[in-house]
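The lines below spell out each chain.
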Amino acid sequence: MNYETVVGLEIHSELSTVTKMYCGCATSFGSEPNIHCCPVCLAMPGALPVLNKTAVEFAIKAGLAMNCAITRSGKQDRKNYFYPDLPKAYQISQLDTPLCVGGYIDITVGDEVKRIRINRIHIEEDAGKLLHEAGGGTLVDFNRGGTPLIEIVTEPDIRSSEEARLFLESVKAILEYIEVSDCKMEQGSLRCDVNVSVRPAGQTEFGTRTEMKNVNSFRSAVRAIDFESKRQIEELEYGGTIVQETRKWNDDKGESYPMRGKEEAQDYRYFPDPDLVQIVVDDEMLERIKSSLPELPDARKARYVGDYGLTRYDAEQITNSRCLADFFEKAVSGGVSPKAVGNWIIGDISKILNEKSMEAGDIPFLPEQLAKLVTLIEEGVISNTAGKKVLDELFENPRDPELIVKEKGLVQISDEGALKAVVVQIIDANPQSVADYKAGKEKAVTFLVGQTMRATKGQGNPQMLNKLIKEELDSR
Amino acid sequence: MNYYDLTAHEIHDLLVGKEATSEEITKSVITRIDSVDDKVEAYLARTSEAAIEAAKRVDAKITRGERIGALEGVPMAFKDNLCTNGVKTTCSSRMLETFVPFYDAFVVKKVNEGGSPVLGKLNMDEFAMGSSTENSYFQKTRNPYDLQKVPGGSSGGSAAAVSAGSAVFTLGSDTGGSIRQPASFCGVVGMKPTYGLVSRFGCIAFASSLDQIGPLTKDVTDCANVLNTIVGHDPADSTSLNVSKVDYTKALVNDVKGLKIGVATDYLQDGVNDEVKAAVLAALDVFRSLGATVGEYTMKAAKYALPAYYIISGAEASSNLARFDGIRYGHRTESFDNLKELYENSRSEGFGDEVKRRIMVGTYALSSGYYDAYYKKAQKVRTVICNDFKEQFEKYDFIVTPTTMATAFTFGEKTGSPLEMYLNDLCTVSVNIAGLPGISIPCGFDGGGMPIGLQIIGRTLGEEMVLRAAYTFEQNTQFHKHRAIIGEKEGRSV
Ligand SMILES: [Zn+2]
């Protein structure tokens, strides 16, 4: 039987506000433990929360960018549970008046545009971090505790792990564009819970769903969905049933397992937080946030296809990262071929970033330097191959590409006289190749081009060499 | 004349007139504490040296010819749920037996800025839950008018200290009557301001939507002066009101002519003590004789106020007190093998019975399946009560009830029945539920010489009307001049 996988996502993203959600402490990573703490975020007796207005504005910005309606008068609720990383023993969240409701994001699956609906976006605070010690003890670091989060909840509109990945990338791109989150998954600023169910193809009712927690990267989201849908299908194929449960994803083992009943059957006893007042979003505030929205990924994508002639796919590759897109636009602003710049960005630059586990924001050289590199190739000063060497050098020790070309002796030899001399010399030394060529073996030319390139230390203009070798062979 | 018997405004006059120094006055009160507190047991911690130092600073200021504020140099003390930087703040709980805050409550900061020497921290019912201060983990505070009787609660230490002359004024907190009821039992003035008028920052929370800090004083003038000192917008408390500042002493006008008084008759029928009823009716006659008119009404949802209060306050407490988990501060059990045991044992050992009872009630009321039947319904009652008050205040300028249905009771009399103990709050809880200002002032004594309190309730931010009514009553009666004689049943006049 054919099955369809149905996925819903709950995405938690840390907001990049300067201070925490309910106190004046800095939100920052990599500090000594418990440096960014105060009576409020340590839940000392008598301390009271005061809502960070910027966090509310950031959440509204996200909602508007994802086409949501904004709740004009909302409350905050306490979600009560005991855990050492949660100092108040309740998390301030939003139960039934999320700031943003009913939006969507369009993703491109193959050639088709697909709409993934968003049920809600609400604000809540992050917990601290437990540090388990080798000796068996556990310490708590509250630096992260109280960092503002938004939780984006989708409708069950996603039908495959690939769609989930595309959606997550879109979310990440939008949050980056509107500058409300740095979306660094390794640092835990973007995390998600994944709801998966399967149903026989054609069936309209949903199957029983399970929820997977602890999914901390796009890659693990894809793996977790694939694992879970396969597990459910096998279960059904063998006549079993799916139990509605919460499962924990183990990324090292590549599998999920059910969380113990106790972990799962929590009664959070939500109720409105009496220490906080209504969040009121007035017209002025809403208009101000609306007008602060920058060009979003979709609009930029369309512009790249229309103005720069990029393919939709290429445009999406670039616009998925605001940094990359900004880099691209700066590089092409001087008039070099957008297509060529795009190819470098999607190709070698992305590859190197990946290898080095760097983000687009970490590119060490300037967009103008990439533009120069492209120009040098277009003008025939250096070969494409030499261009790659220049790029490597730009990553290692960024400086003017022209200087690199000079220092490394990468200038292409296009002097016909000089090349001709090399060609004659090589052909003289390889009589067998001449014989092969005369016998109709075109491959001999490739071999000879290689030999001449070696002789010119890769600096010979390959097109010219090709031409000169053929001429010389034909003349013999 | 003993300095410790004086009111704050009397002391202020002495200081300004250079008839006494703050050091003399502070030392007089400290000596008073030394001599009576082994009987009254109002104090949990004392900071006498710091108080004398503060007094000397005020005296130096006076010597330099500088002006001093109304409470400057007037020694006072705090209820022990108000955080004091560097001074133990226990909430009378084993849970916080060794807890020393590194920050001041907003009101503590205000009082310090106002220049009052701080004498120490005062006993209370554990986490402000109770009506007799018998729920303190540490000690029993006794009623200065009769050491066999309770001082009321939960601000029992704050009321007893003022009544005993062990502090000129004190601050307490009032969640369902915790300032007014002990003020009534101990024959002093106690006021709960409008919700949000005084910042709750640094007041260890019992029930966030009901808690409010207020003064306990020897008369209404002092009450107005203390209110002037502690009121003000605090950005650190989201529920703090941002209203323009009022000088409450301007409301101290001896005139109620033409004012309309509403009497909630619900508290003058079944269950009220005859002597209490007589005193309240006599008080109404005083107001009538001064030109006010009195109308009677019955409260809507009167019988639901108390249950609604215990559900809402319990629900909020169950969550507010969850932070006491033995992880970061406070009591941690010695015996645990895992996290669950750490939580369970620390909390079981750290909290007393009444606190546990309220946490359980509140947890139950918020539990899935019961939320609608309890918490949500209680919130509906809250709305009904708020609207009822609003309606009454369209007709009346202020409302009068007894503060309590009876005078102070004997130790142990009600500890066996939590429900009977809860009835102590009957007249006072609706004021917290509606967030209104309410004051209790002395209005008589029963046959045993125990004080009786009159409650005056005002509309939202109607502090001035409440103070005016209370002041007028005071100016036309002598009850506020009574002082307790420790160890003797009869009080005395000064
Ligand atoms: Zn903080």
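Not measured: the values here are computed from a predicted model.

Definitions and limits used
- Residues numbered from 1 in each chain as written.
- Chains lettered and ligands numbered in written order.
- Predicted model: local features only at pLDDT ≥ 70, side-chain atom pairs only at ≥ 80, totals over all residues.
- Helix = DSSP H or I, 4+ residues; strand = E, 2+ residues; numbered from the N terminus.
- Rg over C-alpha atoms; globule rule 2.2 N^0.38 Å.
- Buried ≥ 20, exposed ≤ 12 C-beta atoms within 10 Å, placed from the backbone.
- Contact = placed C-beta atoms within 7 Å.
- Axes fitted to C-alpha atoms, helices over the stretch in contact; angles between N-to-C directions.
- Parallel < 35°, antiparallel > 145°, perpendicular 65-115°, else oblique.
- Left-handed = near helix turned anticlockwise from the far one by under 90°.
- Nonpolar A, V, L, I, M, F, W, Y, C, P; charged D, E, K, R; others polar.
- pLDDT = per-residue confidence, 0-100.
- Expected span 1.5 Å × (residues − 1).
- Domains from an automatic or database assignment.
- Pairing = 2+ DSSP bridges.

**Concerning the overall build of chain B**
Then step 1. When helices and strands are counted, chain B shows 15 helices and 13 strands.
Then step 2. Whereas a compact globule of 494 residues would reach a radius of gyration of roughly 23 Å, chain B reaches 21 Å, a difference of no more than 12%.
Then step 3. Within chain B, the proportion of its 494 residues that are buried is 61%.
Then step 4. Taking contacts inside chain B between residues at least 6 apart in sequence as the whole, the part at least 24 apart equals 76%.

**With respect to the overall build of chain A**
Then step 1. Helix and strand counts for chain A stand at 16 helices and 16 strands.
Then step 2. The C-alpha radius of gyration computed for chain A amounts to 29 Å, which surpasses the reference 23 Å derived for 476 residues by more than 25%, pointing to a less compact arrangement than a globule.
Then step 3. Expressed as a percentage of the 476 residues in chain A, the buried residues total 43%.

**Quick notes on the packing of helix 10 (residues 367–378) of chain A against helix 11 (residues 384–396) of chain A**
Residue and element names in this part refer to chain A.
Then step 1. Helix 11 packs onto helix 10 with a crossing angle of 165° between their chain directions and a minimal axis gap of 10 Å. The angle between the axes of helix 10 and helix 11 places the two elements in the roughly antiparallel class. Between helix 10 and helix 11 lies a crossing whose hand is right-handed. Of the residues in helix 11, those in contact with Gln 369, Leu 373 and Ile 377 of helix 10 are Asn 384, Gly 387, Val 390, Leu 391 and Leu 394.
Then step 2. Here the contact of helix 10 with helix 11 is composed, by residue class, of five nonpolar, three polar and no charged.

**Focus: the confidence of the model for chain B**
Then step 1. On average, chain B scores 96 in pLDDT, and the residues at 70 or more come to 98%.
Then step 2. This prediction of the complex comes with two scores: 0.90 for pTM and 0.96 for ipTM.

**Topic: the interface of chain A and chain B**
Then step 1. At the interface, 25 residues of chain A touch 33 residues of chain B.
Then step 2. Classifying every residue of the side of chain A that touches chain B by side-chain character gives 18 nonpolar, two polar and five charged.

**Points about helix 1 (residues 53–65) of chain A**
Residues and elements named next belong to chain A.
Then step 1. Across its 13 residues, helix 1 extends 18 Å between first and last C-alpha, which sits within 8% of the 18 Å expected from 1.5 Å per residue.
Then step 2. Of all 13 residues in helix 1, 10 are buried, a share of seventy percent or more.
Then step 3. Taken as a whole, helix 1 has its buried residues at Ala 55, Val 56, Phe 58, Ala 59, Ile 60, Lys 61, Ala 62, Gly 63, Leu 64 and Ala 65.
Then step 4. Where helix 1 terminates, the next one or two residues include Asn 67, which has phi positive at roughly 65°.

**Some remarks on the domain arrangement of chain A**
Then step 1. By the assigned domains, chain A splits into domain 1 (3–289), domain 2 (297–407) and domain 3 (416–475).
Then step 2. Computed over C-alpha atoms only, the centres of domain 2 of chain A and domain 3 of chain A are separated by 33 Å.

**Digging into the sheet that holds strand 1 (residues 43–46) of chain B**
Residues and elements named next belong to chain B.
Then step 1. Spatially, 11 strands are ordered 1-3-2-4-6-5-10-11-9-7-8 in an open sheet, and the strand pairing comes out mixed. Edge positions in the open sheet fall to strand 1 and strand 8 (293–297), since each of these has one partner strand only. Within the sheet, the average angular offset between the axes of one strand and its neighbour, ignoring direction, is 25°.
Then step 2. Pairing between strand 1 and strand 3 (residues 118–122): three bridges, direction antiparallel. By the bridge assignment, Tyr 43 is partnered in strand 3 with Leu 122.
Then step 3. Along the sheet, helix 12 (residues 372–395) makes contact with strand 7 (260–264), strand 8 and strand 9 (398–402), crossing strand 7 at roughly 145°.

**A closer look at the sheet that holds strand 15 (residues 271–272) of chain A**
Residues and elements named next belong to chain A.
Then step 1. The antiparallel open sheet is built from three strands, whose spatial order is 5-4-15. At either end of the open sheet lies a strand with only one pairing partner, and these are strand 5 (90–93) and strand 15.
Then step 2. Strand direction decides the pairing type here: strand 4 (residues 77–80) and strand 5, joined by four bridges, are antiparallel. If you follow Asn 80 over to strand 5, its bridge partner there is Tyr 90.

**Some remarks on the pairing of strand 11 (residues 451–457) of chain B**
All names here are of chain B.
Then step 1. In terms of burial, strand 11 is a largely internal element, seven of the seven residues being buried.
Then step 2. By the alternation rule, side chains of strand 11 split into Pro 451, Gly 453, Gln 455 and Ile 457 and Ile 452, Leu 454 and Ile 456, which are all buried.
Then step 3. In the sheet, strand 9 pairs with strand 11 via four bridges, with the strands oriented antiparallel. Looking at the pairing, Pro 402 lines up with Leu 454 of strand 11.
Then step 4. One ladder, built from seven bridges, connects strand 10 (residues 438–445) with strand 11; its direction is antiparallel. Paired with Pro 442 across the two strands is Gly 453, which belongs to strand 11.
Then step 5. Hairpin remark: strand 10 followed by strand 11, antiparallel, with five residues in the connecting loop; positive phi at Gly 449, about 85°.

**With respect to the packing of helix 14 (residues 431–438) of chain A against helix 15 (residues 443–455) of chain A**
What describes two packed helices is the angle between their axes and the distance between those same axes.
Residues and elements named next belong to chain A.
Then step 1. Packing of helix 14 against helix 15 leaves a shortest axis separation of 8 Å and a crossing angle of 150°. For the element pair helix 14 / helix 15, the angle class is roughly antiparallel. Side by side, helix 14 and helix 15 meet where Ser 433, Asp 436 and Tyr 437 of the first sit next to Ala 444, Val 445, Phe 447 and Leu 448 of the second.
Then step 2. The residue makeup of the contact of helix 14 with helix 15, split by class, is five nonpolar, one polar and one charged.

**A few points about the environment of B:Tyr4**
Residue and element names in this part refer to chain B.
Then step 1. The topology assignment puts Tyr 4 in the segment before helix 1 (8–16).
Then step 2. Considered as a pair, Tyr 4 and Ile 179 are 175 residues apart in the sequence and their alpha carbons are 21 Å apart.
Then step 3. For Tyr 4, the residues in contact, after removing those within four places along its chain, are Ser 28, Val 29, Arg 32 and Gly 165.

**Some thoughts on the environment of A:Gly46**
Then step 1. Inspection of the secondary structure puts A:Gly46 in the loop between strand 1 (3–14) and helix 1.
Then step 2. Each C-alpha atom, one on A:Gly46 and one on A:Asp193, is 34 Å from the other, the two residues being 147 residues apart in sequence.
Then step 3. Leave out the neighbours within four places in its chain, and A:Gly46 touches B:Cys83, B:Ala105, B:Phe201, B:Gly202, B:Cys203, B:Ile204 and B:Ala205.

**Section: unusual backbone geometry**
Then step 1. A cis amide bond links B:Gly153 to the next residue, B:Ser154, at an omega of 10°.
Then step 2. Structurally, the position occupied by B:Ser154 is in the loop between strand 3 and helix 5 (156–164).
Then step 3. The backbone phi angle of A:Asn214 is positive, close to 70°, even though this residue is not glycine.
Then step 4. Among the secondary structure elements, A:Asn214 is positioned in strand 12 (residues 210–215).

**Overview of helix 7 (residues 220–230) of chain B**
Then step 1. Taken across its 11 residues, helix 7 of chain B has 11 buried, putting it largely inside the fold.
Then step 2. One or two positions beyond helix 7 of chain B, positive phi appears at B:Gly232, with a value near 150°.

**Section: the environment of A:Phe82**
All names here are of chain A.
Then step 1. Locating Phe 82 in the fold gives a position in the loop between strand 4 and strand 5.
Then step 2. Residue classification places Phe 82 among the partly exposed positions, given that 18 C-beta atoms sit within 10 Å.
Then step 3. Note: C-alpha distance between Phe 82 and Val 411 (329 residues apart in sequence) is 67 Å.

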